[in-house]
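# Inside the fold
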2 protein chains.
Amino acid sequence: MHTYKRRWLYAIKYDLLRGEHRKSKSALRSAVITAVFLLTTCTLMLYAFPSSLCQMEKKLRDYGKFSEPLIIAITPSYRRPTRFADMTRLANTLHLIPHLYWIVIEDGNNTVPYVEAILRRSTKPYTYIKSPTPDGYPGKGWFQRSVALQYLRNNSARLLENYLSGIVYFVDDDNAYDIRVFTDYVRNVKKLGMWAVGLAGGLPVEFPIAVNGIVIGYHAWKAKNRTFAVDMAGFAVHLDVILSSTAIIGKQCNQRLGPETCLLEDLGLTMEDIEVFGEGGEKGQQEILVWHTKTSDVNFQESQVANLPYVFETKAVHRKQNTETKSTYIPLLQKSLKRILESWRAVQF
Amino acid sequence: MHTYKRRWLYAIKYDLLRGEHRKSKSALRSAVITAVFLLTTCTLMLYAFPSSLCQMEKKLRDYGKFSEPLIIAITPSYRRPTRFADMTRLANTLHLIPHLYWIVIEDGNNTVPYVEAILRRSTKPYTYIKSPTPDGYPGKGWFQRSVALQYLRNNSARLLENYLSGIVYFVDDDNAYDIRVFTDYVRNVKKLGMWAVGLAGGLPVEFPIAVNGIVIGYHAWKAKNRTFAVDMAGFAVHLDVILSSTAIIGKQCNQRLGPETCLLEDLGLTMEDIEVFGEGGEKGQQEILVWHTKTSDVNFQESQVANLPYVFETKAVHRKQNTETKSTYIPLLQKSLKRILESWRAVQF
């Protein structure tokens, strides 16, 4: 073996490179046969079985990862007296969901240590960043959800570390969630999942109307003819859809139609992509697994809580307070008048 | 030995009962000594060491029971559009509390299967019974809490099966609970525990004012001079206190002062019995672990949801509907006018 190897080395070193014929022809023959064998093997491996190689590489890379997708919950949040209560309740619910990553975006100039403490107690891995809404954004939470989407695109590899895939679900801090919306619906979304939302948009329930699993329209409060007439709590999108697009909820989104249809259309989705979960009516009355609840507002001034020995939040202090308080006067009065009219309507003489 | 025993038997049989003196005097002496010895031993065991005997019996009886007390959560609930959402959220929170028994009393003529399904999913042992408020009860939930107290008195042995003791805590279905209110406060109550409640009674927080752990007054919205100026979510009572009294929240309780002070006074408690948990101000700002939140009301008629393929609740149908709708008109208008006035006051020109 040793002699053969040395002969072979001679063959390459002297016979081929220098063209010198000092050694026997058998050495040259051996070298050619070896080269042809190696070339054939490599070619076969690279061209004939590329898929099996890829699969092997993928299997090695994914060894030990969770096969169930990671649920990425995105929550925009802002300062208000009921916020700690709402966030605590939501944290209790999310505590129960395995394989969940929580991204919370603060609509403010600073993150709030007490909110971070709630996130820590939720026992979920989380990201908590501040991103105050810039001027001219038409809706609350729109900018924060956009920031979260961009954060996801920049950090998906780190977030997905132990997971093969992810599903993105927008979770609001005052909504009420049955844990089955995560375990039975969100976790199983392949592209775009959609389901009913209770107490949404002034209706008892909003839901996609489906025939044999194909969505043909929506039971919704406003603009039923939108491509996606759905509440933020009523859909989840596979992370791949988010990563293969740069879509965010932009300023230009139509405020009247809502940010949901704008985002989903910009993500390149169509009504054909919808998978309906918990379709109602087929097997009798269907359960609602998420409700667009609102916690009744309370209004405290900073001065009212200054000397109390407990941790609270008051209403956020707006930068342009004078302008804003004047401009909120008319809507407030309108709201009160609307309430009176509603009270009148509610009375059955 | 055998001979001695037979002699002793003879002594009793012939010498004492029949008075016959056929056998020796030594037999009589033996019998007397034995009797005296037995009598002394029994007397000593029964009178000199009764506590050690009792402890031994107690230890045997309690063998294998949990040493931490069972938390008995009492929730009055009633039909409304937001109820399923509120109960689901509360069930998610209670799911996280170990050693908890949940008693839910329905203010209605029937229990609701969907509510029972929520209780089942909470993974806690529970009792769910109906008990509609009789005429003349001044407050919502008062009668149901009383029913729960009576239920407890009749069933405490069964409920406590695996526990040495219990703590009773009134948990409302729309409040927000940090789990530490259960694990750090309620679980450690010895007689009457009390703590701060956020967003209670129109204030940012209500709390007992304590000096060196002794309550000297209350930071409360109304009637601060009550013996117990505390929200239902702000106290818990040891089960022994409940069991050694027949107190309930009665019709005669002063509606203006609230049912809390009425019940606690009737239970024979005084301000000296209060143990304060999470006392604020001593170590900087203290956290609030429970909030008296309210879910914003929505109002659907039965006819609006009749043909929808989902499970809802609408407002409870009152028996005397005509009278009641007419009588609610004035308060509704008053509420709207109050809101307008508040809006005006909120504006800073």
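Position numbers for residues start from 1 in each chain and track the written sequence from start to end. Labels follow written order: the first chain is A, the first ligand is 1, and so on. Given that the model is predicted, a residue must reach a pLDDT of at least 70 before its local features are reported, and side-chain atom pairs must reach 80 or more before they are shown or counted; all residues, however, enter totals for whole chains, interfaces and linings. Only hydrogens and water are set aside; all other atoms, that is, all heavy atoms of the structure, feed into the side-chain values.

The name recorded for chain A in an unreviewed UniProt entry is Galactosylgalactosylxylosylprotein 3-beta-glucuronosyltransferase, from Haemonchus contortus. Turning to chain A, the UniProt record has this under Catalytic activity (unreviewed entry): "3-O-(beta-D-galactosyl-(1->3)-beta-D-galactosyl-(1->4)-beta-D-xylosyl)-L-seryl-[protein] + UDP-alpha-D-glucuronate = 3-O-(beta-D-GlcA-(1->3)-beta-D-Gal-(1->3)-beta-D-Gal-(1->4)-beta-D-Xyl)-L-seryl-[protein] + UDP + H(+)". UniProt positions are given in the numbering used here, feature names are shortened, and annotations may be inferred rather than shown by experiment.

## Concerning the UniProt feature "site: Interaction with galactose moiety of substrate glycoprotein" (unreviewed entry) in chain A
All names here are of chain A. Those places that UniProt annotates as "site: Interaction with galactose moiety of substrate glycoprotein" (unreviewed entry) correspond, in this numbering, to E206. Among the structural elements, E206 can be located in strand β8 (residues 205-211). Note on definitions: a residue-residue contact is assigned when non-hydrogen atoms from the two residues lie within 4.5 Å. Every residue in contact with E206, bar those within four places of it in the chain, is listed here: W195, A196, V197, A200, G201, H219, A220, W221, V230 and D231. Put simply, DSSP marks the helices as runs of H or I at least four residues long and the strands as runs of E at least two long, and each gets a number from the N terminus on.

## Comments concerning the packing of aromatic side chains
Residues and elements named next belong to chain A. Only Phe, Tyr and Trp rings are paired, with Trp represented by its six-membered ring, and only when their centres lie within 6.5 Å; those with planes under 30 degrees apart are stacked, over 60 edge-to-face, the remainder tilted. Evaluation of the coordinates by the stated rule reveals 24 aromatic pairs over all chains. Taking 5.6 Å as the distance between ring centres and 75° as the angle between the ring planes, the aromatic pair formed by Y169 and F182 counts as edge-to-face. Of this pair, Y169 sits in strand β4 (residues 166-170) while F182 sits in helix α7 (residues 180-185), placing them 13 residues apart in sequence. Exposure class is identical for Y169 and F182. Each is buried. For every residue, the accessible area (1.4 Å probe, protein chains only) is compared with the maximum for its type, and the residue is labelled buried under 20%, exposed over 50%, or partly exposed between those bounds.

## Let's talk about the state of the cysteines
Residue and element names in this part refer to chain A. Only a pair of cysteine sulfur atoms within 2.5 Å counts as a disulfide in this structure description. Across all of its chains, the model carries two disulfides over all chains by this definition. Residue C253 pairs covalently with C262 via a disulfide, S to S 1.8 Å. One disulfide, between C253 and C262, carries an S-S torsion of -70° and so falls in the left-handed class. By relative accessible area, which is 14% here, C262 ends up buried.

## Digging into the environment of L289 of chain B
All names here are of chain B. With respect to the helices and strands, L289 occurs in the loop between β11 (274-276) and β12 (290-291). Taking C-alpha positions, L289 is 7.7 Å from I179, a pair spaced 110 residues apart along the chain. Not counting residues up to four positions away in its chain, the partners in contact with L289 are A176, Y177, D178, R180, V181 and Y185.

## Points about the environment of Y126 of chain B
Residue and element names in this part refer to chain B. Position of Y126 among the secondary structure elements: in strand β3 (residues 126-130). Take Y126: its relative accessible area is 23%, and that puts it in the partly exposed class. Separated by 25 residues in the primary sequence, Y126 and Y101 have C-alpha atoms spaced 5.6 Å apart. For Y126, the residues in contact, after removing those within four places along its chain, are Y101, W102, E116, L119 and R120.

## Some remarks on a nonpolar patch on the surface
Residues and elements named next belong to chain A. To count toward a patch, a residue needs a relative accessible area over 30% and no salt bridge; like charges are then connected within 9 Å, while nonpolar side chains (Val, Leu, Ile, Met, Phe, Trp, Tyr) are connected within 5 Å. Each accessible area is a Shrake-Rupley estimate made with a 1.4 Å probe; only the visible protein chains count as cover when residues are assessed. For this analysis, a salt bridge means a side-chain nitrogen from Lys or Arg found within 4 Å of a carboxyl oxygen belonging to Asp or Glu. Taken together, M45, L46, Y47 and L53 make up a surface patch of nonpolar side chains, about 450 Å² in accessible area. Here the nonpolar patch takes three residues from helix α2 (residues 25-48), the largest share from any one element. Position of Y47 among the secondary structure elements: in helix α2. Judged by its relative accessible area of 66%, Y47 is exposed.

## Side note on the confidence of the model for chain A
Residue and element names in this part refer to chain A. Per residue, pLDDT captures the predictor's confidence, and it can take any value from 0 to 100. Residues with a pLDDT of 70 or more make up 82% of chain A, whose mean pLDDT is 86. Across residues 319-329, confidence stays below pLDDT 50; counting only partners more than four residues off in sequence or on other chains, it has seven contacts. On the interface metric, ipTM, the complex scores 0.78, and its pTM is 0.78.

## Some thoughts on the UniProt feature "binding site: Mn(2+)" (unreviewed entry) in chain A
Per the UniProt annotation, the sites labelled "binding site: Mn(2+)" (unreviewed entry) are D174 of chain A. Within the secondary structure, D174 of chain A sits in the loop between β4 and β5 (176-177). Setting aside residues up to four positions removed in sequence, D174 of chain A forms contacts with R80, D86, T293, K294 and T295 of chain A together with R89 of chain B.

## A few points about the pattern of salt bridges
Applying the stated criterion across every chain, the model contains 29 salt bridges over all chains. Between R80 of chain A and D173 of chain A there is a salt bridge; the shortest N-O distance is 3.0 Å. With R80 of chain A in the loop between β1 (70-77) and α4 (83-95) and D173 of chain A in the loop between β4 and β5, this pair connects stretches of sequence that are 93 residues apart. Classification of D173 of chain A by relative accessible area gives buried; the value is 5%. For R121 of chain A, the salt bridge goes to D178 of chain B, with nearest N and O atoms at 3.3 Å. Of this pair, R121 of chain A sits in helix α5 (residues 113-121) while D178 of chain B sits in the loop between β5 (176-177) and α7 (180-185), each in a different chain. Judged by its relative accessible area of 3%, D178 of chain B falls in the buried class. Look at the salt bridges and you will find they share partners, linking R80, D86, R89 and D173 of chain A into a network.

## Re the nonpolar core
Only buried residues count toward a nonpolar core. Its members are Ala, Val, Leu, Ile, Met, Phe, Trp, Tyr and Cys residues joined through side-chain atoms within 4.5 Å. In terms of nonpolar packing, the biggest core is built from 47 residues, with W102, Y169, Y177, V181, F182 and W195 of chain B touching the most fellow members. Going through the elements one at a time, β8 of chain A together with β1 (70-77), α4 (83-95), β2 (100-106), α5 (113-121), β4 (166-170) and α7 of chain B are the ones with two or more residues in this core. For this core, the element with the most residues is α4 of chain B, which contributes six residues. Judged by nonpolar contacts, the second largest core, of 46 residues, contains Y114, V171, W195 and F300 of chain A.

## Examining the sheet that holds strand β2 (residues 100-106) of chain A
Residues and elements named next belong to chain A. For two strands to be treated as a pair, DSSP must find at least two bridges joining them. Spatially, β3-β2-β1-β4-β10-β6-β11 is the arrangement adopted by the seven strands of the open sheet, whose pairing is mixed. Taken across any chain shown, the strands that pair with only one partner, and hence form the sheet edges, are β3 (126-130) and β11 (274-276). For this sheet, the mean angle separating the axes of adjacent strands, direction not counted, is 20°. Inspection of the sheet shows strand β6 (residues 192-194) paired to strand β10 (residues 235-238) by three bridges, in the antiparallel sense. Counterpart to G193 in the pairing with β10 is A236. Seen against the sheet, α5 touches β2 and β3 and runs at an angle of roughly 165° to β3. A fitted line through C-alpha atoms represents every axis, and for helices the fit uses only the stretch in contact; the resulting angles, taken between N-to-C directions, go from 0 to 180 degrees.

## Notes on the sheet that holds β1 of chain B
All names here are of chain B. Taken in spatial order, the seven strands of this open sheet run β3-β2-β1-β4-β10-β6-β11, and their pairing is mixed. Edge positions in the sheet fall to β3 and β11, since each of these pairs with one other strand and no more. Direction aside, neighbouring strands of the sheet carry axes that sit 20° apart on average. Relative to β11, strand β6 (residues 192-194) runs parallel, the two sharing three bridges. Looking at β11, one finds that G193 is bridged to E275.

## Considering helix α6 (residues 142-159) of chain A
All names here are of chain A. A helix is expected to reach a length of 1.5 Å times the quantity of its residues less one. The terminal C-alpha atoms of α6 lie 22 Å apart, and with 18 residues this falls more than 12% below the ideal 26 Å at 1.5 Å per residue. Roughly 55° is the biggest bend found in α6, and it falls at R153. Most of α6 sits out of view: 14 of its 18 residues are buried. The angle between axes fitted to the seven-residue stretch ending at a residue and the seven-residue stretch beginning at it gives the bend at that residue.

## Quick look at unusual backbone geometry
Residues and elements named next belong to chain A. Despite not being glycine, H99 shows a phi value in the positive range, around 55°. Locating H99 in the fold gives a position in the loop between α4 and β2. In the Ramachandran plot, T123 falls in the positive-phi region, its phi being about 70° despite a non-glycine side chain. For T123, the location among the structural elements is in the loop between α5 and β3.

## Regarding the side chain of T88 of chain B
Secondary-structure assignment places T88 of chain B in helix α4. By relative accessible area, which is 3% here, T88 of chain B ends up buried. Excluding residues within four positions of it along the chain, T88 of chain B makes contact with Y177, D178 and W291 of chain A together with I118 of chain B.

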